[in-house]
Structures are given as structure tokens and as C-alpha cells.
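# Notes for the structure review
Here is what each chain is made of, one letter per residue.
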Amino acid sequence: MANLSFEALKEFYQGKSVLVTGHTGFKGSWLCRILTLAGAKVTGYALEPPGYPAIFQAARLEETMDSVIGDVRNLRALQAVFERARPQIVFHLAAQPIVRDSYKNPVETYETNVMGTVNVLECVRLSDSVVSFLNVTTDKVYENREWEYGYRESDPLDGYDPYSNSKSCSELVTHSYEKSFLKEQGCAVSTCRAGNVIGGGDVANDRILPDCIRAAGNKQKIILRNPCSTRPYQHVLEPLSLYLSIAMRQFSDRRFSGCYNVGPDDCDCVTTGELADLFCRFWGRGAAWESHEDGGPHEANFLKLDCSKAKHMFGWKPRYHVAEAVEKTVAWFLALREGEDMRQVTDRQILEFFGREGTEAHV
């Protein structure tokens, strides 16, 4: 087996009904665009998009798919979308994804990330069309002891902060529904734990590359809270390619269902300071950063994943090293500043990613 090609994507997804929760978000937008290019009938269910220059607006994705604005906490509204779209495949990405926001609004975080998952799974349980379900969680679901080896799928789940813990709970809810209901129904179920993603069109607060882009775009110094923290940074298309592979393979063979880590190789687990250095190098224009410890809430200093299982089961491996991932991210935002057609820019990056040979990065 080898990395998923665009031809294989089209062969499987063309004509299939796919529902994506959280489609207006950063990862959801990229996922929906890939699926649309592959010929799938895509329905999205999510809150209002974050606004321009987020990828959903910048690439005008609402024009290209069935976009439904709604809250995953609203079971009745979500069920109505399932009944109308009759999805064969469901990707669950809707979440409150920001660690620091989870400290400010823990109840909302748990409602969205836990009960939102319950509601999606309940709709899958009540559906007679869903064959393949994938819940996207996070590398932060693990009990993080900040040791040097990467966490494996069999390690204990016990996220520290409300965001991380709520995603641990989302995993447990998924496992319960799978064992109690969905296995008997013939629906294949997987969860995927991704490291930190970067890429064009991410405008979230308290994420390193969006913060860099906002500061550099305003000709301000980039402020880093913890430049020595190590994270598994990867381009957004890396985990999406594995999500698509999992949903595709388990559709016809439930032996491919399970829990999977997806992150970069050890050489691309870098500190926040190193990532900011790469950004400044590719952005140019006098971009620079400085460290300001703000005494904020607890965040992990060291986190890595062991992705051996995904590599073994799917032949998946990272295509971009971290330098190229940053370069692609900067290129997307510079194209936006130049007034280019951002749907074309996005499509170009998708097709290049899925069509490229080998894994050597251009740095």
C-alpha cells in the first residue's frame, strides 16, 4: 500500500453521499474541498464560518456544496440533516478546539465536544444509510507525562485541560456507541488523533501560525508564549489524507476500523520558536518574534505521537517536512494578499499534494 492518490480518491468517493460536521472550520473546509473535487455529494453541518479571510469564505466554498448552518448540540436539527442527506460516510470534525478557550468556557466546551459527539453518533445509530464513521479528535487525548517517546493508541486517555479532556470523553463515547450499537448495525467506526495542523485559511485565535500571520501582516512583532514547547506540527492535508483513507478502507472492510494517531515524523516535531523561525524565513518582509510569558493556564510542553499503526495499516506516511508545510501555509496567505482566486489556489495545493511523488521536501 502507498499514500492515497487523487485517482484513488475519485474512484471511491465519486457519487457517494458524505456528511461533514464542522465543515466551516479550518480542517473541515479543506476536507470538503477535497471531497468535492473527488466528485462526492458533500453536505456540511456547522456553526457560521469564522469570516474572511478564513478558507471557507476566501475560497467561496458555500457555492460548491450543501452547507447547513447549525449547532451539533441541537439533536433535532442535526437529525433532520441526516434524514435529508442520507450520508453513507460521516466525518465528525465539529468541536470547540482551542485549549485556552476551554478554560474560559468549560461548560460550552464539554457540551460541544461531548454531547455534540453523542448527538452525531445518535444520528448515525438512527440512520440506515451510514456505513463508515470517523470521529476526529486530537493528540491531546492522552494522559501526557511529557516523556520523550511518542504516545501509542493503547496508552491511557486522560486529557488535562477541559478541551483535551472533553476530546478524551468524545473518544470514550465513540467506543461505547460502536460496541453497543454500531457494530451490530454494520457501521464501521474509527477515531483519529491528529497533531497540530497548519495551512492556508486558518484564522483561529491562540494558534501559532495564524498569530504569526496576523502580527506580520500588521508589521508587528510576533509574540510567543512558550517558544520552547515541542509539538508535532504538520500540514493540514497530511491528516486529511489519512482520514479519507480510513473512511474509504473501512467502508468495505471493517478490519481497518480502530483508533489511529496521525502526526509528523520525529524530525518534524519542532519547538514553537523553531516554527516561528521558519515562518519569518518564508514570510520575509522583516518578520520577527519575541518571547512573552503571559502566565496563562497550563499547556503541555512536550508531546509526540507514534504513528506506526497508521503507517502499517494504510501505508500512510507524511509527504511534507515541517519547512515545506510552513512554506505552503505562507504561500496561501501571500496569494490572498495579492488578490488571487483562493479557490484556485486551494485546489492547486490539494492536487499538488495528492499527485506528488516521494516525500522529499523543498526547503
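Reading the values: rules and limits
- For every chain, the first residue of the written sequence is number 1, and numbering continues from 1 along that sequence.
- For a predicted model such as this one, the threshold for reporting local features is a pLDDT of at least 70, and the threshold for listing and counting side-chain atom pairs is 80 or more; totals across whole chains, interfaces and linings nevertheless cover every residue.
- Side-chain numbers here rest on the full set of heavy atoms in the structure, without hydrogens or water.
- Here a cavity denotes grid points, spaced 1 Å and computed from the protein atoms alone, that fit a 1.4 Å probe unable to get out, and a pocket denotes an open set having protein on both sides within 12 Å along at least 5 of 7 lines; residues with an atom within 4 Å of a point are the lining.
- Grid points are joined across faces, edges and corners, and a volume is the space filled by probe spheres set on the points.
- The helix count covers DSSP runs of H or I at least four residues long, the strand count covers runs of E at least two residues long, and both are numbered beginning at the N terminus.
- The pairing criterion is simple: DSSP has to find at least two bridges between the two strands.
- Only the contacting stretch of a helix is used when fitting its axis, a line to C-alpha atoms as for every element, and angles between N-to-C directions run 0 to 180 degrees.
- The criterion used for residue contact is that any of the two residues' heavy atoms lie within 4.5 Å.
- Stacked, tilted and edge-to-face pairs are distinguished by plane angle, under 30 degrees for stacked and over 60 for edge-to-face with tilted covering the rest, among Phe, Tyr and Trp rings (Trp via its six-membered ring) whose centres lie within 6.5 Å.
- Throughout this description, buried means an accessible area under 20% of the type-specific maximum (1.4 Å probe, protein chains only), exposed means over 50%, and partly exposed covers the range between.
- Here a polar contact is recorded for every N or O atom pair within 3.5 Å, except that within protein the pair must consist of a potential hydrogen donor and a potential acceptor, and residues adjacent in sequence are included only if both atoms are side-chain atoms.
- Working definition: roughly parallel below 35 degrees, roughly antiparallel above 145 degrees, roughly perpendicular at 65 to 115 degrees, and oblique for all remaining angles.
- Handedness of a helix crossing follows the sense of rotation of the near helix relative to the far helix, less than a right angle counterclockwise being left-handed and clockwise being right-handed.
- Note that Gly is not counted as nonpolar here; it falls among the polar residues with everything else outside the nonpolar set of Ala, Val, Leu, Ile, Met, Phe, Trp, Tyr, Cys and Pro and the charged set of Asp, Glu, Lys and Arg.
- This count recognises Lys and Arg as positive and Asp and Glu as negative, with His and chain-terminal groups excluded.
- The working definition used for a salt bridge is a side-chain nitrogen of Lys or Arg within 4 Å of a carboxyl oxygen of Asp or Glu.

## Comments concerning empty space enclosed by the protein
Take a probe with the size of a water molecule and roll it over the atoms, and the empty space left behind shows itself. As enumerated under the stated definition, the model contains one cavity of 30 Å³ or more in all. Counted as a void, the largest cavity has a volume near 50 Å³. If you trace the largest cavity, you find it lined by Tyr 233, Gln 234, His 235, Glu 238, Gly 263, Pro 264, Asp 268, Pro 318, Tyr 320, His 321, Val 322 and Ala 325. Put simply, the parts of the chain that give the lining of the largest cavity at least two residues each are strand S10 (234–235) and helix H12 (322–337).

## Thoughts on the sheet that holds strand S6 (residues 188–194)
In space, the seven strands of this open sheet follow the order S3-S2-S1-S4-S5-S6-S11, with parallel pairing throughout. Each edge of the sheet is formed by a strand with only one pairing partner; in this case those strands are strand S3 (66–69) and strand S11 (259–262). Within the sheet, the average angular offset between the axes of one strand and its neighbour, ignoring direction, is 15 degrees. With five bridges joining them, strand S5 (residues 132–136) and S6 adopt parallel strand pairing. By the bridge assignment for S6, Leu 134 is matched with Ser 190. Across the sheet, helix H7 (residues 162–185) is in contact with S5, S6 and S11; its angle to S6 comes to roughly 165 degrees.

## Examining the packing of aromatic side chains
Per the counting criterion, the structure on display carries eleven aromatic pairs. Plain terms: the ring middles of Tyr 142 and Tyr 151 are 5.5 Å apart, the flat faces sit at 10 degrees to each other, and that makes the pair stacked. Under the relative-accessibility criterion, Tyr 142 is labelled buried at 2%. Accessibility expressed as a relative area gives 0% for Tyr 151, which makes it buried. Aromatic side chains Phe 279 and Trp 283 sit 5.3 Å apart centroid to centroid with 25 degrees between the ring planes, which places their arrangement in the stacked category. Note that Phe 279 and Trp 283 are positioned in helix H10 (residues 272–283) at a spacing of four residues, about one turn of the helix. Judged by its relative accessible area of 2%, Trp 283 is buried. The structure contains a cluster of three or more aromatic residues connected by ring pairs, namely Phe 12, Tyr 13 and Phe 251.

## A look at the side chain of Thr 138
Along the chain, the position of Thr 138 falls in the loop between S5 and H7. Look at Thr 138 and you get buried, because its relative accessible area is 3%. Here Asp 139 takes part through its side chain, which lies 3.1 Å from a polar atom of the side chain of Thr 138. If near-sequence neighbours (up to four positions away) are discounted, Thr 138 is found in contact with Tyr 163, Lys 167, Cys 192, Arg 193 and Ala 194.

## So, unusual backbone geometry
Across the junction of Tyr 52 and Pro 53, the peptide omega takes the value 10 degrees, indicating a cis bond. Its location among the elements puts Pro 53 in the loop between strand S2 (41–46) and helix H3 (55–58). Phi is positive for Asp 206, close to 60 degrees, though the residue is something other than glycine. If you trace the backbone, Asp 206 turns up in the loop between strand S7 (197–198) and helix H8 (208–217). For Arg 285, which is not a glycine, the phi torsion comes out positive at approximately 55 degrees. Note on placement: Arg 285 falls in the loop between H10 and strand S13 (289–291). Judged by relative accessible area, Arg 285 falls into the exposed class, the value being 58%.

## Thoughts on the packing of helix H4 (residues 75–85) against helix H6 (residues 106–126)
Between H4 and H6, the least distance of the axes is 10 Å, while the angle of their chain directions is 40 degrees. As judged from the angle between their axes, H4 and H6 are oblique. H4 and H6 meet at a crossing whose hand is right-handed. The residues of H6 that touch H4, namely those facing Leu 75, Leu 78, Gln 79 and Phe 82, are Asn 119, Val 120, Glu 122, Cys 123, Val 124 and Leu 126. Of the residues that constitute the contact of H4 with H6, the class distribution is seven nonpolar, two polar and one charged.

## Observations concerning the side chain of Arg 319
Topologically, Arg 319 is positioned in the loop between helix H11 (308–314) and H12. Salt bridges are absent for the buried Arg 319, whose nearest opposite-charge side chain, Glu 238, sits at 5.2 Å. Among the polar contacts listed, one links the side chain of Arg 319 to the backbone oxygen of Leu 4, at a separation of 2.4 Å.

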